Amino acid sequence: MPDVLWSGRRFRTFNVLDEFNREALRIEVDTSLPAGRVVRALNELMELRGKPQHIRLDNGPELVSQSLAQWAADNGVELMFTQPGKPTQNAYIERFNRSYRTEVLDCYVFESLHDVRKLTEDWMHRYNHERPHEALGRIPPVAYRMQQYPNTLLLTGTE
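Anyway, here's the lowdown on the structure attached to this text. (Residues numbered from 1 in each chain as written. Predicted model: local features only at pLDDT ≥ 70, side-chain atom pairs only at ≥ 80, totals over all residues. Heavy atoms only, no water.)

Topic: the pattern of salt bridges
Link 1 in the chain: The tally for this structure, following the rule as stated, stands at 14 salt bridges.
Link 2 in the chain: Among the salt bridges present, the one from R37 reaches D30, with a minimum N-O distance of 2.6 Å. As far as burial versus exposure is concerned, R37 and D30 are alike and both buried.
Link 3 in the chain: Three or more residues joined by partner-sharing salt bridges are found here, namely R26, E28, D30, R37, R40, E44 and R117. (Salt bridge = Lys/Arg side-chain N within 4 Å of Asp/Glu carboxyl O. Buried < 20%, exposed > 50% of the residue type's maximum accessible area, 1.4 Å probe, protein only.)

Some words on the pairing of strand β3 (residues 24-30)
Link 1 in the chain: Among the seven residues of β3, six are classified as buried, and the element is accordingly described as predominantly covered.
Link 2 in the chain: Of the strand pairs in this sheet, strand β2 (residues 10-17) and β3 are connected by six bridges, and their pairing is antiparallel. The residue bridging R12 from the neighbouring strand is D30, located in β3. (Helix = DSSP H or I, 4+ residues; strand = E, 2+ residues; numbered from the N terminus. Pairing = 2+ DSSP bridges.)

Describing unusual backbone geometry
Link 1 in the chain: Positive phi outside glycine occurs at R22, with the angle close to 65°.
Link 2 in the chain: Mapped onto the fold, R22 is located in the loop between β2 and β3.
Link 3 in the chain: At R138, a position not held by glycine, the phi torsion is positive, near 65°.
Link 4 in the chain: Position of R138 relative to the elements: it lies in the loop between α4 (113-129) and α5 (141-148).
Link 5 in the chain: Taking the relative accessible area as the measure of exposure, R138 reaches 51% and is therefore exposed.

Looking at the sheet that holds strand β1 (residues 2-4)
Link 1 in the chain: With respect to topology, three strands assemble into an open sheet ordered β1-β2-β3, the strand pairing being antiparallel. Each edge of the sheet is formed by a strand with only one pairing partner; in this case those strands are β1 and β3. If you compare each strand with its neighbour and ignore which way they point, the axes differ by 25° on average.
Link 2 in the chain: The sheet contact formed by β1 and β2 spans three bridges and is antiparallel. Its bridge partner lying in β2, D3 is registered against F11.
Link 3 in the chain: Together, β1, β2 and β3 form the strand contacts of helix α3 (residues 91-105), whose direction differs from that of β2 by roughly 135°.
Link 4 in the chain: Strand contacts of α4: β2 and β3, with the helix running at about 170° to β3, the strand carrying the most contacts. (Axes fitted to C-alpha atoms, helices over the stretch in contact; angles between N-to-C directions. Contact = heavy atoms within 4.5 Å.)

Shown next as structure tokens:
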């Protein structure tokens with residue numbers, strides 16, 4: 001998602017959501033998010049959460065890169081691209097992006113990337129641990145995950 005600081009400097013976010021429980025796994029914020037940065041973020045997530053079967057993504061330049069395709073092939077992860085102009089094929093992240101946009105990006109005037117990252121981190125905690133989600137029976141994503149998998153601290157990817 002693109003946005004701009006008070007100074008006019010543009011920045012982008014790379015948002016990762018678990019489709020199972022709608023948990024925000026990561027929001028990477030920087031002026032540039034090339035494919036190498038996306039791969040690094042996915043590697044870090046894989047260490048924490050395990051390997052996913054697939055990743056659903058749009059057709060952004062950093063997401064259709066050869067390095068991301070090679071990462072997916074090396075890790076046995078299917079990349080599922082949405083068709084251009086069909087946001088309903090990725091409805092969960094589109095809904096999440098709208099919430100993030102209206103509750104964070106559009107509510108504050110950011111002076112620095114540090115400010116964006118700090119407010120984003122605080123919002124993600126509230127989103128995951130406190131905010132009830134109607135689709136999950138009016139409980140937060142982390143509580144839903146713990147209901148489904150009570151004996152795990154972190155839900156690992158399915159293989």
